[in-house]
Amino acid sequence: MKIFIDTGILDEIREAVSWGIVDGVTTNPSLVAKSGKPFRELLEEITRIVDGPISAEVVSTKADSMVREAEDLAKIHRNIVVKIPLIVEGLKAIKVLSAKGVKTNCTLCFSASQALLAAKAGATYISPFVGRLDDISTEGMQLIRDIRQIYVNYGIKTLILTASARSPMHFLEAAKIGSDVITAPFAVLKQLAHHPLTDLGLAKFLADWEKAKK
Ligand code: E4P
C-alpha cells in the first residue's frame, strides 16, 4: 500500500519523508488555507521535497473551468494530480482531462456507486472519505471494501486512495482490504510508528547493556 501524507505543512512533509515511508502528498483547500502559503508556491515547494504524486484541488464547480484550472495546475510539475470533486460537473471534467492525459484524483466520494461512476469517467484515483462517514455513524471502511469488490468485479484500473483516515485502525483495515493508497495526517503516521512494547523493550535492552558493562 502506498502511503501519502495529507497535509500542507512543509515541516511535516519533510519529517515524514526523512523516515523513508512517504510515496506522495494530498492537499485540499482547507489544508492549503491552514498552511498559510499561496497555493502555487506551496505546491512548488512540495514538488521539491517529494518525488511522487501530489494532489492539488480545483475550486471551480463548472466542468469547463475545472478543466482550465486543472490544466494550469498540471503545468506546475509532472507529479501534480488534480483533485476534482465527485459531482456531475466533476465527472464531465474528469472525462475531458483523462482524454488529455491529465491525472485526476476524484475526491469527496461517499458511496461505492459514485466510485464506479468516477472510474467510468476515467479517474486515476478515487478518494473515499472514511473518517467523515464514521463521523455520521456509518462504517467508513465498509465503503473501501465495497469499492474494492466492484473494481475487482470489472477489472477497473482506478486506484483506491483511502482518505479522511483518522486512526491507525483505518490504516490497518485499508491495508487488509487492499486499498492501493492511504493518505493520512502526520499525527496518524507518528502513531503508526510507535508501539509501547517497542519502547519498553528498548529501554530494558539498554538498561541490561549498561549493567553488563559494569
Ligand atoms: C483527502 O485527500 C483529504 O484531504 C482528507 O483526507 C480529508 O480528511 P478530513 O476528513 O480529516 O478533513
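An account of the accompanying structure is given in this report. Along each chain, residues carry numbers from 1 onward, in the same order as the chain's sequence is written. Per-residue local features are limited, in this predicted model, to residues with pLDDT of at least 70; the limit for side-chain atom pairs, both in listing and counting, is 80 or more; totals at the level of whole chains, interfaces and linings are taken over all residues. Hydrogens and water are ignored here; the side-chain numbers use all heavy atoms of the structure.

**Topic: helix H3 (residues 39-49)**
- The buried label goes to any residue with under 20% of its type's maximum accessible area, the exposed label to any with over 50%, and the partly exposed label to all in between, with areas taken from a 1.4 Å probe on protein chains only. Strands here mean DSSP runs of E at least two residues long; helices mean DSSP runs of H or I at least four residues long; both are numbered from the N terminus. Of all the positions in H3, only Leu42, Leu43, Glu45, Ile46 and Thr47 are classed as buried.
- It only takes one pair of heavy atoms within 4.5 Å for two residues to be counted as in contact. On its buried side, H3 packs onto helix H1 (10-18), strand E2 (24-26), helix H2 (29-35), strand E3 (54-57), helix H4 (63-74) and strand E4 (80-85).

**Examining the site of the ligand**
- Around the ligand sit Asp6, Thr26, Asn28, Leu31, Lys83, Phe129, Arg132, Ala163, Ser164 and Arg166, and those are all the residues in its vicinity.
- Polar contacts here mean pairs of N or O atoms no more than 3.5 Å apart (in protein, one a potential hydrogen donor and the other a potential acceptor; neighbouring residues in sequence count only if both atoms are side-chain atoms). Asn28 is positioned with one of its side-chain polar atoms (N or O) 2.7 Å from an oxygen atom of the ligand.
- Here Ser164 contributes a side-chain N or O atom positioned 2.7 Å from an oxygen atom of the ligand.
- Note on residue categories: nonpolar means Ala, Val, Leu, Ile, Met, Phe, Trp, Tyr, Cys or Pro, charged means Asp, Glu, Lys or Arg, and polar means any other residue, Gly included. By residue class, the composition of the shell around the ligand is three nonpolar, three polar and four charged. Proximity criterion: a residue is near a molecule or strand once any of its heavy atoms comes within 4 Å of it.

**A closer look at the sheet that holds E2**
- Strand pairing is assigned whenever DSSP identifies at least 2 bridges connecting the two strands. The strand order around the closed barrel formed by eight strands is E1-E2-E3-E4-E5-E6-E7-E8, and the pairing between neighbours is parallel. Here the strands of the sheet are splayed against their neighbours by 30° on average, with no regard to which way each runs.
- Axis lines are fitted through C-alpha atoms, for helices just across the contact stretch, and the angle between N-to-C directions can take any value from 0 to 180 degrees. The sheet contacts of H4 involve E3 and E4, and relative to E4 the element is tilted by about 160°.

**A word on the pairing of E3**
- Alternating residues of E3 divide into Ile54 and Ala56 and Ser55 and Glu57, and every residue in both groups is buried.
- The sheet contact formed by E2 and E3 spans two bridges and is parallel. The partner of Thr26 across the bridge, within E3, is Ser55.
- Direction of pairing for E3 relative to E4: parallel, over a ladder of four bridges. Counted as the bridge partner of Ala56 is Val82 from E4.
- Crossovers are marked right-handed if the path from the first strand over the helix to the second runs clockwise, as seen with the strands pointing away from the viewer. This β-α-β element, E3 to H4 to E4, shows right-handed connectivity.

**Remarks on the pattern of salt bridges**
- Take a side-chain nitrogen of Lys or Arg and a carboxyl oxygen of Asp or Glu: if they are within 4 Å of each other, that pair is a salt bridge. A full pass over the atoms with the stated rule returns 15 salt bridges.
- Here Glu45 makes a salt bridge to Lys37, at a shortest N to O gap of 3.3 Å.
- Its relative accessible area of 18% is what places Glu45 among the buried residues.

**Considerations on the packing of H4 against helix H5 (residues 88-99)**
- Two elements in contact, H4 and H5, have axes whose closest approach is 8 Å; the angle formed by their N-to-C orientations is 45°. It follows that H4 is oblique to H5 by the angle criterion. For the pair H4 and H5, the crossing hand works out as right-handed. Residue-level contacts link Ala63, Met66, Val67, Ala70 and Glu71 of H4 to Glu89, Gly90, Lys92, Ala93, Val96 and Leu97 of H5.
- Broken down by class, the residue content of the contact of H4 with H5 amounts to seven nonpolar, one polar and three charged. Any angle that falls under 35 degrees is termed roughly parallel, while one over 145 is termed roughly antiparallel, one within 65 to 115 roughly perpendicular, and all others oblique. Definitions for this section: a left-handed crossing has its near helix turned counterclockwise from the far helix by less than a right angle. A right-handed crossing has that turn clockwise.

**Some details on unusual backbone geometry**
- Positive phi, normally seen in glycine, also occurs at Ser137, with a value near 60°.
- Counting through the fold element by element, Ser137 comes out in the loop between helix H7 (130-135) and helix H8 (140-153).
- Positive phi, normally seen in glycine, also occurs at Ser164, with a value near 60°.
- Tracing the backbone through its elements, the reader meets Ser164 in the loop between strand E7 (159-162) and helix H9 (168-177).

Don't take any of this as a statement about function, it's just geometry.
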